[in-house]
Amino acid sequence: EDRMEVDLDDEPAYDQEPAYERDMEPVSQQSLVPSVSDPNLWMFSCPTGKEQELVYQIMNKCVAYAKRGRPLGITSVVCAQTKGKIYVESYSEPAVMEALQGVRGVMQYTMRKVPISDMTTVMSVVPKKVPVKKNDWVRMTRGHFKGDLALVKHVRDSGLKCVIQCVPRLDLTLSDLPPDEAKVRRRTVKPPQKFFNAAEISTLGKHLLRQRFPGLSDVMCDYFDGNYYNDGYLLKEVTIGTVVKPCTADDPPTLDELQRFRRKSKTAGGGDYDDGEDEENEGSQLAGSLLSELSELQGKTGLASSGSNDRGLMIGDTIEVIEGDLVGMQGKIMSLDGTTVKVRPNNDAALAELGGMEEVEFLMNQVRKYIAVGAHVKVTDGRYANETGVVVAV
């Protein structure tokens, strides 16, 4: 009886996991780790962006030699997540050298054997970056341009870098300050977005050059303070994923950003930048077409129709912006189309900040009628409907 009690006490409960199942997972995972009986891994350096091309070359060489009855003694070639590196797997070091002989682009003198403990790190998989194409919208991620909208004009180095077009943030006062103050201002002050104006730069007595953008022989730019400007926009070569990231469905370009990005080459006031062309910039045209699509979509879904009825806006009314980067700006309504309004800013400072744009387009729900203190008004609804009076405070 005593023995029976011991056996029953040692029997596991039904809701407990059996010991052999608990030990299965660690054993199976351990069997996947490379050991001394597995092929070795050798690392070679190569030009950045050429990793996949070199892997294809070595693969084709292996296929050609196998068809001749002389198979090469390597088991695989991999271009992992590390840029500028390829990895060759084989049991024999001489077989690796034979496989890479005659393959241009592989720096054989950089050959290094990967320790067994580091093999799993080489093959670690990271989330794939979203590829960037020409005319894609992206966002800047560093410096004063952080968060700004930009347009991809050209993709380089197999998708590692691209040339982007964005609205500049120029601070023309830096050259007039002492070096120490200029350094502090450059680090702490974020200049407003404003289109580049060559005439304004020349008026200030600053020197600029007219030359082609590196690598784009058909694009003539103004070169000023180490940067290139075309049609008032900044052109810059940046690294994808580090300096810019693609606009996703969760973070698309907003209507306000597209309005600030859009710009015609000439304005009626004549103060805007003029590079001798009458046509609108390609990036500005893309922003304009996307704006039209958004306005049409909002009209179909009725997103702004309720605002046009409730706010009672009319051409000639003075309004105040209540949403977006231009919050607080006051202006006069120049036109209405049911979903958006075109507004002319009331003061010259706002016009200068907008790069000479005489009219700015807003959604109905981004503006409200502005009533100044002292204005004579009439109540249209509520307890005091049809009563008139003078505004004493807002």
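Just so you know, the residues in each chain are numbered from 1, in the order the chain's sequence is written. For this predicted model, a pLDDT threshold of at least 70 governs which residues receive local features, and a threshold of 80 or more governs which side-chain atom pairs are given and counted, while totals over whole chains, interfaces and linings are taken from all residues. Calculation of side-chain values draws on the structure's entire complement of heavy atoms; hydrogens and water are dropped beforehand.

Some words on the confidence of the model for the protein
Here is step 1: Confidence of the predictor at the level of single residues is captured by pLDDT, which takes values from 0 to 100. The share of residues in the protein with pLDDT of 70 or more is 79%, and the mean pLDDT across the chain is 77.
Here is step 2: Within the protein, no element has a lower average pLDDT than helix H1 (residues 2-10), which sits at 40, and none a higher one than strand E10 (residues 227-230), at 91.
Here is step 3: Across residues 264-277, where pLDDT falls below 50, the model places 31 contacts with residues more than four positions away in sequence or in other chains.
Here is step 4: Residue contacts follow a heavy-atom distance rule, with two residues in contact if any of their heavy atoms lie within 4.5 Å. Within the model, the stretch residues 300-310 combines pLDDT values under 50 with 9 contacts to residues more than four positions away or in other chains. Under the DSSP-based scheme used, a helix requires at least four consecutive residues in state H or I and a strand at least two consecutive residues in state E, with every element numbered from the N terminus.

What to know about the pattern of salt bridges
Two side chains that carry opposite charge are able to pair once their charged atoms sit near each other.
Here is step 1: We define a salt bridge as a side-chain nitrogen of Lys or Arg found within 4 Å of a carboxyl oxygen belonging to Asp or Glu. Under the counting rule described, the total for this entry stands at 10 salt bridges.
Here is step 2: A salt bridge links Asp171 to Arg185; its shortest N-O distance comes to 2.6 Å. Of this pair, Asp171 sits in the loop between strand E7 (161-166) and helix H7 (179-188) while Arg185 sits in helix H7, and the two are 14 residues apart along the sequence.
Here is step 3: Summary of the burial criterion: residues with accessible area below 20% of their type's maximum are buried, those above 50% are exposed, and those between are partly exposed, where the area comes from a 1.4 Å probe applied to protein chains only. Asp171 sits in the buried class, given a relative accessible area of 16%.
Here is step 4: Arg185 gets classed as partly exposed once you look at its relative accessible area, which sits at 29%.
Here is step 5: Notably, a salt bridge pairs Lys369 with Asp317, separated by 3.5 Å at the nearest N-O pair. Linking Lys369 in strand E17 (residues 367-369) with Asp317 in the loop between helix H11 (305-310) and strand E13 (318-321), this pair joins segments that are 52 residues apart in sequence.

Some remarks on the sheet that holds strand E12 (residues 244-246)
Here is step 1: Judged by pairing direction, the sheet is antiparallel, and its 8 strands sit side by side in the order E8-E9-E10-E11-E7-E6-E5-E12 without closing on themselves. Two strands bound the open sheet, and with one partner strand each, they are strand E8 (209-213) and E12. Strand-to-strand twist in this sheet, taken as the mean axis angle between neighbours without regard to direction, amounts to 45°. Pairing between strands is defined by DSSP: at least two bridges between the two strands are required. Here, axes are lines fitted to C-alpha atoms. For helices the fit covers the stretch in contact, and angles between N-to-C directions go from 0 to 180 degrees.

Describing the pairing of E13
Here is step 1: As judged from the 3 bridges shared by E13 and strand E14 (residues 330-336), these two strands associate in the antiparallel manner. Within E14, the residue paired with Ile319 across the bridge is Gly331.

With respect to the side chain of Arg139
Here is step 1: In this fold, Arg139 is placed in strand E5 (residues 137-140).
Here is step 2: We define a polar contact as two N or O atoms separated by no more than 3.5 Å, with the added condition that, inside protein, one atom must be a possible hydrogen donor and the other a possible acceptor, whereas residues neighbouring each other in sequence contribute only through side-chain atom pairs. A polar side-chain atom of Arg139 sits 3.1 Å from the main-chain carbonyl oxygen of Pro252.
Here is step 3: If sequence neighbours within four positions are ignored, Arg139 has contacts with Gly147, Asp148, Val243, Val244, Lys245, Cys247, Asp251, Pro252, Pro253, Thr254 and Glu257.

Notes on the pairing of E7
Here is step 1: Counting buried positions along E7 gives 5 out of 6 residues, so the element sits mostly inside the fold.
Here is step 2: For strand E6 (residues 149-156) and E7, the ladder comprises 6 bridges, and the chain directions are antiparallel. When the sheet's bridge partners are listed, Val152 is paired in E7 with Ile164.
Here is step 3: Adjacent in sequence and paired antiparallel, E6 and E7 are bridged by 4 residues, among which Asp157 carries a positive phi angle near 50°.

Thoughts on helix H5 (residues 93-100)
Here is step 1: Three or more residues of H5 are buried, namely Ala95, Val96, Ala99 and Leu100. Angular distribution of buried residues about the axis of H5 spans 130°; they occupy a single face of the element.
Here is step 2: For H5, the secondary structure elements touched by its buried residues are strand E1 (40-45), helix H4 (51-67), strand E2 (74-78), strand E3 (85-90) and strand E4 (107-113). Starting at the helix axis, one direction is taken to each C-beta atom, and the arc is that of these directions.

Comments concerning the sheet that holds strand E16 (residues 360-363)
Backbone hydrogen bonds hold the strands of a sheet together, and the pairing may be parallel or antiparallel.
Here is step 1: Strand order in the open sheet formed by 5 strands is E16-E15-E14-E13-E17, with antiparallel pairing between adjacent strands. The open sheet terminates on both sides in strands that have one partner only, identified here as E16 and E17. The sheet shows a mean angle of 50° between the axes of neighbouring strands, direction not considered.
Here is step 2: Pairing between E14 and strand E15 (residues 340-345): 5 bridges, direction antiparallel. Its bridge partner lying in E15, Leu336 is registered against Val341.

Looking at the layout of surface pockets
Here is step 1: Note on definitions: the grid is 1 Å and covers protein atoms alone; a cavity is a set of points where a 1.4 Å probe fits but cannot get out; a pocket is an open set with protein on both sides within 12 Å along at least five of seven lines; lining residues have an atom within 4 Å of a point. Grid points are joined across faces, edges and corners, and a volume is the space filled by probe spheres set on the points. Reported here for the second largest pocket is a volume of approximately 600 Å³.
Here is step 2: Contributing to the lining of the second largest pocket are 26 residues, with Arg169, Leu174, Arg186, Asp225 and Asn227 lying nearest its centre.
Here is step 3: Every element with two or more residues in the lining of the second largest pocket is listed here: H7, E10 and strand E11 (233-239).
Here is step 4: The dominant element in the lining of the second largest pocket, judged by the number of residues it contributes, is E11, at 3 residues.
Here is step 5: Side-chain classes follow a simple rule in which Ala, Val, Leu, Ile, Met, Phe, Trp, Tyr, Cys and Pro form the nonpolar group, Asp, Glu, Lys and Arg form the charged group, and the remainder, Gly included, forms the polar group. Residues that form the lining of the second largest pocket fall into these classes: 13 nonpolar, 5 polar and 8 charged.

Regarding H4
Here is step 1: The end-to-end C-alpha distance of H4 is 25 Å, a good match for the 24 Å that 17 residues give at a rise of 1.5 Å each.
Here is step 2: Turning to H4, the residues buried within the fold contact E2, E3 and H5.
Here is step 3: At the exit of H4 stands Gly69, carrying a positive phi of roughly 85°. Expected helix span is taken as 1.5 Å per residue step, with the number of steps being one fewer than the number of residues.

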